[in-house]
Amino acid sequence: MPADTFEKKADVNSKKPATELARDMGLMHITMIGVGAMIGAGIFVLTGLAAGVAGPALILVFALNGLVTSLTAMSYAELGSCFPEAGGGYLWVKQALPQPNGFLSGWISWFAHAVACSLYAVAFGTFAVDLLHLAGVDIKRLLSSFSTSEPYNLAAKIIAVVITILFVFINYRGAKETGQAESLITILKIIVIALFIGFGCFAIFSGKTPEPWPQHFKGFFQKGPFGIIMAMGLTFIAFEGYEIIAQCGEEVKNPKKNIPRSIFLSLIIVVPIYILVAFVALGAVAPEGDQQTWQYLGEKGELAMIEAAEHFMLGKLGRVIFLIGGLFSTMSALNATVYSSSRVSFAMGRDHNLPGLFARIHSKKRTPHMAVFISGGLIIFMAVVLPIEDIASATDAMFLLLFIFVNLAVVNLRKNRPDLDRGFKVPLFPFVPIIATVLNLFLAIFLFFYRPLGVWVCIGYLGLGVFIYYIYSRRKEFTAKAEPIVHDERPVFETRPCDFHILVPVANEKTVEQLQLFALRMAKVYNADITALNVIKVPPQLPPSEGRKYLDSSRNLLTKAIAVAEKESVPVFSLVKLTHNIPKAIIETCEERKIDLMILGWEGERPAHNRVFGTITDEIILNTVCDIALVCRAPDQDQDISRILIPVSTIKYAILSLRMAEALLPENKTPIVLFHATTRDDIENISRHYKEELRKWKEDIDPSRYQIVIKKTNDILKAILSETQHHDLIIMGAPEEGLVRRAVFGDMPEKITKETSVPIILTKKYTGHIKSWFQKFFGSRKTMLE
């Protein structure tokens, strides 16, 4: 791998310098790294195992995997071109999705690369033992002091440990020679595989096989679709080279163009090679007796391709040539995955998701030495403990999960960050990443039927990751990355202790009074205090301290907010933060101050393409860990509010809207209308159901204050819009739809917001970390519909 020369970059939020890698890798170099990672265990180790699972359909397995992986490769190409940093998929998911998704993607990526490295190490050990056996070394006698029934397996494990330690040391040193040799080793591997394909094709088409080669493919689908799918999952690691390319993103020249190009070039090179190798192995090998070729290859397992080379490639000499090619292949893939696993853990340490020792840079070697050493320990542990089949199963399962995260990140970022400078865009959006997500999940599930132990290891590792995140990483990351506060004023008076806290981000002098008046009404209902927050955005090229010049305007806003509250004797805190990222500063304030309700304003500005309310508001609504009230086109201060409409689906998810309606309409004169549009005919049953639901929540609301209106219609949106014209204010739940559904179907409440001129308050109930995390992806379609 290339030399690890680290540059210093000023960290705007800390006195400590941040670290980044130097860019010195061109298109050829980065493409060869991707190809080198792909032409490793996939061909030399997994081909035989996959043949035993899929039968003659092994060719179809590699072709289908090439198609499936190309979908995810598009997501990597798009994100790699606009986020070229060390960390790859981990950093993309962290940018796109709410925590703990970012942490889990990094946790998964680290383990995936480490366990892949274990696979390559064990494969290297297996090939080395076979080569020693050919050289006349008596392995059994050498290991006679060990009481083992499998001396060859033990010898392979010992060699795997030794070769891992060697490459850990090389990556610790950051030897430039490794990077310069990478392309040469990859070319050497391609030459060996080309010889294998050439001799195999000659044997097939020159009639050297005892029987016509088509006979070897009889019963093409005899293992059934189940076997094909399991084999696809087993060999999917063969195409994870573009993740290695992503890990090198911070060191690539002109990454906007070179990362997408290298990803597609590596696949164009590798997919045909795999198909040809599968064809040759099945067509040119002629086992003795009546045994079918695929059965013979399956029995030989990780040594199947070595045996195949001996059959048609110069006998023992062909075996030796292919063994040497296998050794070089696994060494280069091993080196690449030691590198990539350490870079993921380094990035996580740098982001405070893992302890700071992972982010340490050696003072002389300029390498992330602690990340390299700890990753090496994990690699050795997995190589020693698990059989090679379970290592392969665990590796594939973890990469498939990582790919799922990356595809979801593409969906989110394309919707919420259209401003990113993309060198490549996924076509047919959002269908390509959604289809890739479903297919990757499908393959991961089927791996359980192949080797359940490997999948159980992954599940246990994921559980450990969730535990670490909530016990350590979440708190540590927040503490380390808190935005600088330049003004934090406590209230002059506090009339009562408050267990409920309201946050009002203020940015517009025209709306600050309206938002504060609404917050005061809610504060009286909930016996709450209020924090008025103003966030000053500082250009990314400047330190946050440069924002101090705007403090006067911030103080004017906050003074106005405080003046409104003082009339009502409600305790108000005022706060100013300087930041490069406004949504992050607001969200972190919610966590820091344990906010229960945030009141946001939206003036109806025209959002960017593919956005609902605009960049800042969208990101806050998606990621905040508290209840939200989004005031859209607030009613005038002197406007009489006597008729409130609440479109509902279920009372349970509308409680926040109902309580707000009662707070805004304290006099029990006019009933609050609960409106439900449906395509069903049993209107009386629906009305009865809502009355029963209201009674269940009588401790939170007053059921007698509501009038239930049910309307049968074939056009839900049109019915709701028609009803809004007869009311002064609409309060409705913000959509609970997940990212995938939103990308395809859109959101009903947001459509209503844009279509009507009536003042609207959107509410979003926070449902907890796990439920909210799940809903962000696959949330229900419930809004006003049955």
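Note that the coordinates shown come from a computational prediction; the quantities given were computed from them, not determined experimentally.

1. A closer look at the overall build of the protein chain
Next up, step 1: The helix and strand tally for the protein chain stands at 29 helices and 13 strands.
Next up, step 2: A total of 786 residues make up the protein chain; the buried ones form 58% of that total.
Next up, step 3: Put simply, of all contacts in the protein chain between residues at least 6 apart along the chain, 83% involve residues at least 24 apart.
Next up, step 4: Surface exposure of the protein chain reaches about 31,400 Å², of which carbon and sulfur atoms provide 58%.

2. Topic: the packing of aromatic side chains
Next up, step 1: One pass over the full model with this rule turns up 35 aromatic pairs.
Next up, step 2: Ring geometry for Y172 and F373: centres 5.3 Å apart, planes at 35°, overall tilted. Separated by 201 residues along the polypeptide, Y172 in helix 8 (residues 151–173) and F373 in helix 16 (residues 369–385) bring together distant segments of the chain.
Next up, step 3: Here W213 and F217 contribute two aromatic rings whose centre-to-centre distance is 6.0 Å and whose plane-to-plane angle is 85°, an arrangement assigned as edge-to-face.
Next up, step 4: Members of the aromatic cluster, joined through ring pairs, are F103, W107, W110, F111, F358, Y461, Y469 and Y470.
Next up, step 5: Against the face of F429 rests R414, its NZ or CZ located 4.5 Å from the ring centre.

3. Observations regarding the pattern of salt bridges
Next up, step 1: Evaluated as defined, the whole model comprises 15 salt bridges.
Next up, step 2: Here D130 makes a salt bridge to R319, at a shortest N to O gap of 3.0 Å. Residue D130 is located in helix 6 (residues 101–134), and its partner R319 is located in helix 15 (residues 315–350); the two are separated by 189 residues in the primary sequence.
Next up, step 3: Taking relative accessible area as the criterion, R319 reaches 5% and is therefore assigned buried.
Next up, step 4: Between R643 and D728 there is a salt bridge, and its shortest N-O distance comes to 3.1 Å. Remark: D728 occurs in the loop between helix 26 (716–724) and strand 12 (729–733) and R643 occurs in the loop between strand 8 (627–632) and strand 9 (644–647); sequence separation between them is 85 residues.
Next up, step 5: Using a relative accessible area of 37% as the deciding quantity, one classes R643 as partly exposed.
Next up, step 6: Among the charged side chains, a network of salt bridges with common partners joins D130, E307, E310, K316 and R319.

4. Quick look at the packing of helix 3 (residues 46–54) against helix 13 (residues 293–300)
Next up, step 1: Following both chains from N to C, one finds helix 3 and helix 13 inclined at 130°, their axes separated by 7 Å at the closest point. By the angle between their axes, helix 3 is oblique relative to helix 13. The way helix 3 lies across helix 13 gives a crossing that is left-handed. On the side of helix 3, the interface is formed by G48, A51 and G52, while helix 13 contributes W294, L297 and G298.

5. A closer look at the nonpolar core
Next up, step 1: Among the nonpolar cores identified, the biggest contains 168 residues, and Y76, F196, Y242 and F312 are the most heavily contacted of them.
Next up, step 2: Among the elements that line this core, the one with the most residues is helix 6, at 20 residues.
Next up, step 3: Look past the residues within four positions of Y242 in its chain and what remains in contact with it is M38, T69, T72, A73, Y76, F236, I263, L267 and F403.
Next up, step 4: Counting 58 residues, the second-largest nonpolar core is a separate cluster that includes I502, I536, I655 and I710.

6. Describing the environment of P56
Next up, step 1: With respect to the helices and strands, P56 occurs in the loop between helix 3 and helix 4 (58–82).
Next up, step 2: Taking the C-alpha atoms as reference points, P56 and I228, 172 residues apart in sequence, are found 9.8 Å from one another.

7. Some thoughts on helix 18 (residues 431–450)
Next up, step 1: The end-to-end C-alpha separation of helix 18 is 29 Å, in line with the 28 Å expected for 20 residues at 1.5 Å each.
Next up, step 2: If you check which residues of helix 18 are buried, you get V432, P433, I434, A436, T437, N440, L443, A444, F446, L447 and Y450.

8. Observations regarding the pairing of strand 13 (residues 760–764)
Each regular strand shows side chains that alternate between the opposite faces of the sheet.
Next up, step 1: Counting buried positions along strand 13 yields five of five residues, so the element is predominantly enclosed.
Next up, step 2: In strand 13, alternate side chains face the same way, and those of I760, L762 and K764 on one face and I761 and T763 on the other are all buried.
Next up, step 3: Bridge count between strand 12 and strand 13: four bridges; the pairing is parallel. When the sheet's bridge partners are listed, I731 is paired in strand 13 with I761.

9. Let's talk about the confidence of the model for the protein chain
Next up, step 1: Across the protein chain, the average pLDDT comes to 79, with 82% of residues at 70 or higher.
Next up, step 2: Mean pLDDT across the elements of the protein chain bottoms out in strand 1 (residues 6–9) (36) and peaks in helix 4 (92).
Next up, step 3: Within the model, the stretch residues 605–614 combines pLDDT values under 50 with 29 contacts to residues more than four positions away or in other chains.
Next up, step 4: Every residue in residues 770–786 scores below 50 in pLDDT, and together they form 66 contacts with partners more than four places removed in sequence or on other chains.

10. Remarks on the state of the cysteines
Next up, step 1: Inspection of the entire model under this criterion finds zero disulfides.
Next up, step 2: Free cysteine C590: the closest other cysteine sulfur is in C626, separated by 3.9 Å.
Next up, step 3: The exposure class assigned to C590 is buried, which follows from its relative accessible area of 3%.

11. Quick word on the packing of helix 5 (residues 89–96) against helix 6
Next up, step 1: Put simply, helix 5 and helix 6 touch, their axes get as near as 7 Å, and they point 170° apart. By the criterion of interaxial angle, the relationship of helix 5 to helix 6 is roughly antiparallel. Residues G89, Y90, V93 and K94 of helix 5 lie in contact with helix 6, whose contacting residues are N101, G102, S105 and G106.

12. Brief notes about the pairing of strand 9
Next up, step 1: The alternating pattern of strand 9 places I644 and I646 on one face and L645 and P647 on the opposite face, and all of these are buried.
Next up, step 2: Pairing analysis gives two bridges linking strand 9 to strand 12, with the strands arranged parallel. Looking across to strand 12, one finds that I644 is bridged to L729.

13. What about a nonpolar patch on the surface?
Next up, step 1: On the surface, a cluster of nonpolar side chains totalling about 690 Å² of accessible area is made up of F226, L441, I445, F448, F449, W456 and I459.
Next up, step 2: Counting residues per element, the ones that place at least two in the nonpolar patch are helix 18 and helix 19 (452–481).
Next up, step 3: Per-element accounting of the nonpolar patch gives the leading share, four residues, to helix 18.
Next up, step 4: Note that I445 resides in helix 18.
Next up, step 5: The exposure class assigned to I445 is partly exposed, which follows from its relative accessible area of 45%.

14. As for helix 15
Next up, step 1: Relative to the 52 Å expected for 36 residues at 1.5 Å per residue, helix 15 spans 52 Å between its end C-alpha atoms, a close match to the ideal helical length.
Next up, step 2: Taking burial as the measure, the 36 residues of helix 15 include 27 buried ones, the bulk of the element.
Next up, step 3: Positive backbone phi, approximately 70°, marks H352, located one or two places after helix 15.

15. Some thoughts on unusual backbone geometry
Peptide bonds are, in most cases, trans, and in most cases residues other than glycine have a negative phi.
Next up, step 1: Note the cis peptide between F429 and P430, where omega equals 5°.
Next up, step 2: Inspection of the secondary structure puts P430 in the loop between helix 17 (388–416) and helix 18.
Next up, step 3: Positive phi is not limited to glycine here, since N527 has a value of about 55°.

Conventions used here
- Residues numbered from 1 in each chain as written.
- Predicted model: local features only at pLDDT ≥ 70, side-chain atom pairs only at ≥ 80, totals over all residues.
- Heavy atoms only, no water.
- Helix = DSSP H or I, 4+ residues; strand = E, 2+ residues; numbered from the N terminus.
- Buried < 20%, exposed > 50% of the residue type's maximum accessible area, 1.4 Å probe, protein only.
- Contact = heavy atoms within 4.5 Å.
- Areas by Shrake-Rupley, 256 points an atom, 1.4 Å probe, with all protein chains shown as cover.
- Phe/Tyr/Trp six-rings, centres within 6.5 Å; stacked < 30°, edge-to-face > 60°.
- Lys NZ or Arg CZ within 6 Å of the ring centre and 35° of its normal.
- Salt bridge = Lys/Arg side-chain N within 4 Å of Asp/Glu carboxyl O.
- Axes fitted to C-alpha atoms, helices over the stretch in contact; angles between N-to-C directions.
- Parallel < 35°, antiparallel > 145°, perpendicular 65-115°, else oblique.
- Left-handed = near helix turned anticlockwise from the far one by under 90°.
- Core = buried A, V, L, I, M, F, W, Y, C linked by side-chain atoms within 4.5 Å.
- Expected span 1.5 Å × (residues − 1).
- Pairing = 2+ DSSP bridges.
- pLDDT = per-residue confidence, 0-100.
- Disulfide = S-S within 2.5 Å.
- Patch = residues over 30% accessible without salt bridge, like charges linked within 9 Å, V, L, I, M, F, W, Y side chains within 5 Å.

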